[in-house]
Amino acid sequence: MLGVPCSRQKQVQTSHVTPWHVTPSITEPAAWAFLSPKEQPIFTTRAHVFQIDPSTKKNWVPASKQAVTVSYFYDVTRNSYRIISVDGAKVIINSTITPNMTFTKTSQKFGQWADSRANTVFGLGFSSEQQLTKFAEKFQEVKEAARLARDKSQEKIETSSNHSQASSVNGTDDEKASHASPADTHLKSENDKLKIALTQSAANVKKWEIELQTLRESNARLTTALQESAASVEQWKRQFSICRDENDRLRSKIEQLEDQCGEINREKEKNTELKSRIEQLESELREKETELKDLRKQSEIIPQLMSECEYVSEKLEAAERDNQNLEDKVRSLKTDIEESKYRQRHLKGELKSFLEVLDGKIDDLHDFRRGLSKLGADN
């Protein structure tokens, strides 16, 4: 139990030492100059230190670039406890524990408490949940010890005040019995000292009331910040739901475009077949033209074979008709190819515009994800 006499302090300190505790290395004398010689660490750990942003009262500002030593210190002369952390030559935590303070676990590895004297909120990020739990338990013990010390101090003040009043009454009676004695002078001096102590006690009570009011205001600000944070989280959830629906719609659109791309591929295959058919027809046309030239030469060389020429002429006409038919087919196939190419260009244009829209949506989703990550870090 904390708040024990000096003879038992070493025993309490030894019982709480675990393998992951470290002793604060006082490498910077200037940074530790505020410690009194009788103020010693009773519990030590390492954590990342944060402070609430004084301008927004919402966001956390890192007070250390890496994990630093955080220690509970006990002052034997003042019977008080402090949480102290030093980063190099800079004191980043100097918080005196009062009975009104509360340490709150906001996640599995993060905790915070408000210090009205420093007018800020400190946050600690630990590497494990076990470290956070031990720090919170020690905070509760120190808080209880501070409360007992305060109650004990108030009892001493009340006892001294009652003793002062009794001495004052007795002194009045003694004056009636004996007008002057050395004891009267001593009692009067003690009475004056007790009056001064009582005045200081009243001033301390007023100071504690002011601290209590400050803590209440700080609690109200933290409650408001928590409510605003919850509202912001709900808004992000709604936006996330909207983006998720939009993402599903885009996925269905992508599937449709993939189907259209499949149709385009089939059209390409069909165009390939048509090209091969056109090449085959052109080859046949060249053969027919060669054959036609041979027949014409034969008709010029052998005039005596008129009958054969007439036969050849008829065959030539038939070949020309076939040639005309083939040309008509070729023109029809070319027209089909041009239409297919036009449809292909049109589908490519639609696909390109959709991909541009899709890229914009993906950028929006990335921005939204960064916003969510930033919100998780803030919390």
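All residue numbers refer to position in the chain's written sequence, counted from 1. Local features in this predicted model are restricted to residues of pLDDT 70 or higher, and side-chain atom pairs are both shown and tallied only at a pLDDT of 80 or more, whereas totals for entire chains, interfaces and linings draw on every residue. Excluding hydrogens and water, the side-chain figures rest on all heavy atoms present in the structure.

Asker: For this particular structure, what's the right way to read the overall build of the protein?
Answerer: Per the convention used, a helix needs a DSSP run of H or I reaching at least four residues, while a strand needs a run of E reaching at least two, with both numbered from the N terminus. A tally of regular secondary structure across the protein gives four helices and eight strands. For the protein, the succession of helices and strands along the chain, N to C, is α-β-β-β-β-β-β-β-β-α-α-α. The classification of residues rests on relative accessible area computed with a 1.4 Å probe and restricted to protein chains. Under 20% of the type maximum is buried, over 50% is exposed, and intermediate values are partly exposed. Out of the 379 residues in the protein, the part that is buried amounts to 28%. Pairs at least 24 apart in sequence give 62% of the contacts found in the protein among residues at least 6 apart. Put simply, the protein shows about 25,200 Å² of open surface, and 52% of that area lies on carbon and sulfur atoms. Any two residues having at least one pair of non-hydrogen atoms within 4.5 Å are treated as being in contact. What sets the accessible areas is the Shrake-Rupley method with a 1.4 Å probe; for residues, cover comes only from the shown protein chains.

Asker: Explain the nonpolar core here, please?
Answerer: Note on soluble globular proteins: their nonpolar side chains tend to be buried together. For our purposes a nonpolar core is just a set of buried Ala, Val, Leu, Ile, Met, Phe, Trp, Tyr and Cys residues, chained together by side-chain atoms within 4.5 Å. Among the nonpolar cores identified, the biggest contains 26 residues, and Ile-83, Trp-113, Leu-124 and Phe-135 are the most heavily contacted of them. Secondary-structure elements contributing two or more residues to this core are strand E1 (39-52), strand E3 (68-75), strand E4 (80-87), strand E5 (90-96), strand E8 (120-125) and helix H2 (129-177). With six residues, the top contributor of residues to this core is H2. With sequence-adjacent residues up to four places away left out, Ile-83 is seen in contact with Val-70, Ser-71, Tyr-72, Ile-93, Asn-94, Ser-95, Ile-97, Trp-113, Phe-135 and Phe-139. In this structure, Leu-274, Ile-278, Leu-281 and Leu-333 belong to the second largest nonpolar core, which totals six residues.

Asker: When you look at a negative patch on the surface in this model, what are you seeing that I'm missing?
Answerer: Together, Glu-255, Glu-258, Asp-259 and Glu-263 make up a region of like negative charge exposed at the surface. Looking at where Glu-263 falls in the secondary structure, it is placed in helix H3 (residues 182-301). The patches described consist of residues with a relative accessible area above 30% and no salt bridge, like charges being joined within 9 Å and nonpolar side chains (Val, Leu, Ile, Met, Phe, Trp, Tyr) within 5 Å. We define a salt bridge as a contact between a side-chain nitrogen of Lys or Arg and a carboxyl oxygen of Asp or Glu at a distance within 4 Å. Charged residues are defined narrowly, with Lys and Arg counted positive, Asp and Glu counted negative, and His plus the chain ends left uncounted. Working definition for charges: the position is that of NZ of Lys, CZ of Arg, CG of Asp or CD of Glu.

Asker: Sorry, what's going on with the pattern of salt bridges here?
Answerer: Where charged atoms of side chains with opposite charge meet at close range, the side chains can pair. Summed over the entire model, instances satisfying the criterion amount to twelve salt bridges. Across the pair Arg-78 and Asp-75 runs a salt bridge whose closest N-O atoms are separated by 3.8 Å. Judged by relative accessible area, Asp-75 falls into the buried class, the value being 3%. Each of Glu-144, Arg-147, Arg-150 and Asp-151 takes part in salt bridges that share partners, so that together they form one network.

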